[in-house]
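# Per-entry structural report
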Amino acid sequence: MKIDFCPSRRSTVGAEWELALVDRRTGELSSVAEQVLDAVRPDGAEEHPKIKQELLLNTIEVISGICDTIAEVKADLNASLDVVHSVLDPLGVELFSAGSHPFSTWYQQKVTDKERYAKLIDRTQWWGRQMLIYGVHVHVGVEHRDKALPILDALLNYAPHLQALSASSPYWGAEDTGYASNRALMFQQLPTAGLPFQFRKWTELESYVDDMFTTGVIDHFSEIRWDIRPAPHFGTIEMRVCDGLPTLEEVGAIAALTQCLVEDFNTRLDDGEILPTLPPWHVQENKWRAARYGVDAIVILDAAGTERLVTDDTLDLLDRLEPVARRLDCADELRSVETILRYGPSYLRQRAVAKQHKGSLRAVVASLIAEMRDGRIARP
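Here the structure is a predicted model, which is why all the values come from computation and not from measurement.

The next point concerns the overall build of the chain. The helix and strand inventory of the chain stands at 13 helices and 13 strands. For 380 residues, the compact-globule estimate of 2.2 N^0.38 gives 21 Å, and the C-alpha radius of gyration of the chain, at 20 Å, lies within 12% of that figure. In terms of its C-alpha atoms, the chain occupies a principal-axis envelope of roughly 55 × 45 × 35 Å. When the 380 residues of the chain are sorted by exposure, 59% land in the buried category. A total accessible area of about 15900 Å² is found for the chain, and carbon and sulfur atoms account for 50% of it. In the chain, which carries 41 positive and 57 negative side-chain charges, the distance between the mean positions of the two groups comes to 3 Å.

Here it is in structure tokens:
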């Protein structure tokens, strides 16, 4: 099977942000996505170009266009948020984004009436019905097909950093799971989800996809739901490892880090460098550590087993990427990663709110709604 990769302008960037719809009074999820999407749809159009449906009726997704800078991505997403809020306010419904809802139960949620979602649920059954989770995806343009897989493999070295920074799903069904990102381990239960295979040549990816079609595992390339994947029709590398992010500030920070990493690896390929990779077993262990411990994770850095606290490695990474960020005009957004580290990723902020309010998870949802409205991480 031949898979055409449509080259993109180098290091262009876009984001997809999954948002939960919640009742303002109770904090419970609200299955009003169809009503919202109907209200925002332009006259004569089938759908809004940047506000989309998702698997569950308690969810919408806002997407940016193809942007040159992270500032453009943030402005684009914020414009869509304004449109959605104008529809939600009269309904008494709010938005928040986190890897999971702290207390709403999966079995009470309604699935969007669409064939591809019905097929997914029919195949995956119990696990599919439990996908009450939310994420952020970042696309970065790559100008040549042969660069896509080397960049993807090198990005796996930093998947735990991104997962730890974005971790926002400590609660599941009103229980503290003990994990920073319960979503990370939930989502990988789906077929073709989880960590990608590390293919060295594009033809190896084509052979894999051909096998998946032949054996009926997938009907479309998009059904390969890896944490990081090439998106051949867009000509991008798509970072999908992150939990839902509560604030536009955090979306900008994570998007900037992803854009800078891809551009850095792209430049190193131009210079003839063989990009560093980790053995698959180290990649797998790093994912579990970041999901379990978040920013307290000790991650494996190389095949020799060198280990380091993920926050220390992240701070050094930010310094190394600063010249790249200046070239891409995202230095301020990249430094917002330090703001996440200073005030804690969302999983820590959620637990702090719960502790302050004697375990109230409604207070946690209220804090997530407030952060979404403000667009910034809450500063105590």
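Next, the rest of the story.
On to the environment of D227. Examined against the element boundaries, D227 turns out to sit in the loop between β9 (225-226) and β10 (228-231). Separated by 79 residues in the primary sequence, D227 and A148 have C-alpha atoms spaced 15 Å apart. Contacts of D227, omitting those with residues within four sequence positions, involve G194, L195, E238, M239, R240, V241 and K287. Among the polar contacts made by the side chain of D227, one reaches the side chain of K287 at a distance of 2.9 Å.

All right, on to the pairing of strand β3 (residues 59-63) then. For β3, the buried fraction is high: 5 of the 5 residues fall into the buried class. Side chains of β3 alternate between two faces, with T59, E61 and I63 and I60 and V62 buried alike. Where strand β2 (residues 51-53) and β3 come together, 3 bridges link them in antiparallel fashion. Each residue of the ladder has a partner; that of I51, found in β3, is V62. Linking β2 to β3, which pair antiparallel, is a turn of 5 residues.

This next bit is on the packing of helix α8 (residues 248-270) against helix α11 (residues 331-343). As a packed pair, α8 and α11 sit with axes 7 Å apart at the nearest point and diverge in direction by 120 degrees. The pairing of α8 with α11 is recorded here as oblique in orientation. As for the relative orientation of α8 and α11, their crossing is left-handed in sense. Here E249, E250, G252, A253, A256, L257 and C260 of α8 lie close against α11, whose contacting residues are E333, L334, S336, V337, T339 and I340. In terms of residue class, the contact of α8 with α11 is built from 7 nonpolar, 3 polar and 3 charged.

A word on the nonpolar core. Counting 83 residues, the largest nonpolar core has W17, I60, L95, L155 and L257 as the members making the most contacts within it. At 11 residues, the largest contribution of residues to this core is made by α8. In this view, L257 contacts L162, L165, L317, L318, L321, L334 and V337; residues no more than four positions away in its chain are not counted. Core analysis: the next-biggest nonpolar cluster, separate from the first, contains 30 residues, M131, F187, L361 and L368 among them.

Moving on: α11. Over its 13 residues, α11 extends 19 Å from the first C-alpha to the last, a length consistent with the 18 Å expected when each residue adds 1.5 Å. A positive phi of about 95 degrees marks G344, the residue just after α11.

Before going further, it helps to spend a moment on the layout of surface pockets. Of the pockets and cavities examined, the second largest pocket occupies roughly 260 Å³. Looking at the second largest pocket, it is lined by 15 residues, and the ones nearest its centre are R349, V353, S367, E371 and A378. The biggest single contributor to the lining of the second largest pocket is helix α12 (residues 346-356), with 6 residues. Its residues placed into classes, the lining of the second largest pocket shows 7 nonpolar, 4 polar and 4 charged.

Attention now moves to helix α4 (residues 145-155). Burial runs high along α4: 8 of the 11 residues are buried. Listed as buried for α4 are K147, A148, L149, I151, L152, D153, A154 and L155. Those residues of α4 that are buried are in contact with α5 (159-166), α7 (202-214), β10, β11 (236-243) and α8.

Within the fold, S104 resides in the loop between β4 (93-96) and α3 (115-129). Ignoring sequence-local partners within four residues, the contact set of S104 consists of E28, L29, Q109 and L132.

Summed over the entire model, instances satisfying the criterion amount to 36 salt bridges. Here E371 and R349 are joined by a salt bridge, their closest N and O atoms 3.0 Å apart. Placement of the pair is E371 in helix α13 (residues 361-374) and R349 in helix α12, with a sequence separation of 22 residues. Across the pair, R349 and E371 agree in class, each one buried. Among the charged side chains, a salt-bridge network with shared partners connects R10, E143, K147, E263, D270 and R327.

Parameters at a glance
Residues numbered from 1 in each chain as written. Predicted model: local features only at pLDDT ≥ 70, side-chain atom pairs only at ≥ 80, totals over all residues. Heavy atoms only, no water. Helix = DSSP H or I, 4+ residues; strand = E, 2+ residues; numbered from the N terminus. Rg over C-alpha atoms; globule rule 2.2 N^0.38 Å. Buried < 20%, exposed > 50% of the residue type's maximum accessible area, 1.4 Å probe, protein only. Areas by Shrake-Rupley, 256 points an atom, 1.4 Å probe, with all protein chains shown as cover. Lys, Arg positive; Asp, Glu negative; His and termini not counted. Charge placed at Lys NZ, Arg CZ, Asp CG, Glu CD. Contact = heavy atoms within 4.5 Å. Polar contact = N/O pair within 3.5 Å; in protein donor to acceptor, adjacent residues only side chain to side chain. Pairing = 2+ DSSP bridges. Axes fitted to C-alpha atoms, helices over the stretch in contact; angles between N-to-C directions. Parallel < 35°, antiparallel > 145°, perpendicular 65-115°, else oblique. Left-handed = near helix turned anticlockwise from the far one by under 90°. Nonpolar A, V, L, I, M, F, W, Y, C, P; charged D, E, K, R; others polar. Core = buried A, V, L, I, M, F, W, Y, C linked by side-chain atoms within 4.5 Å. Expected span 1.5 Å × (residues − 1). 1 Å grid on protein atoms, 1.4 Å probe; cavity = no way out; pocket = protein on both sides within 12 Å on 5 of 7 lines; lining within 4 Å. Points joined across faces, edges and corners; volume = space filled by probe spheres on them. Salt bridge = Lys/Arg side-chain N within 4 Å of Asp/Glu carboxyl O.

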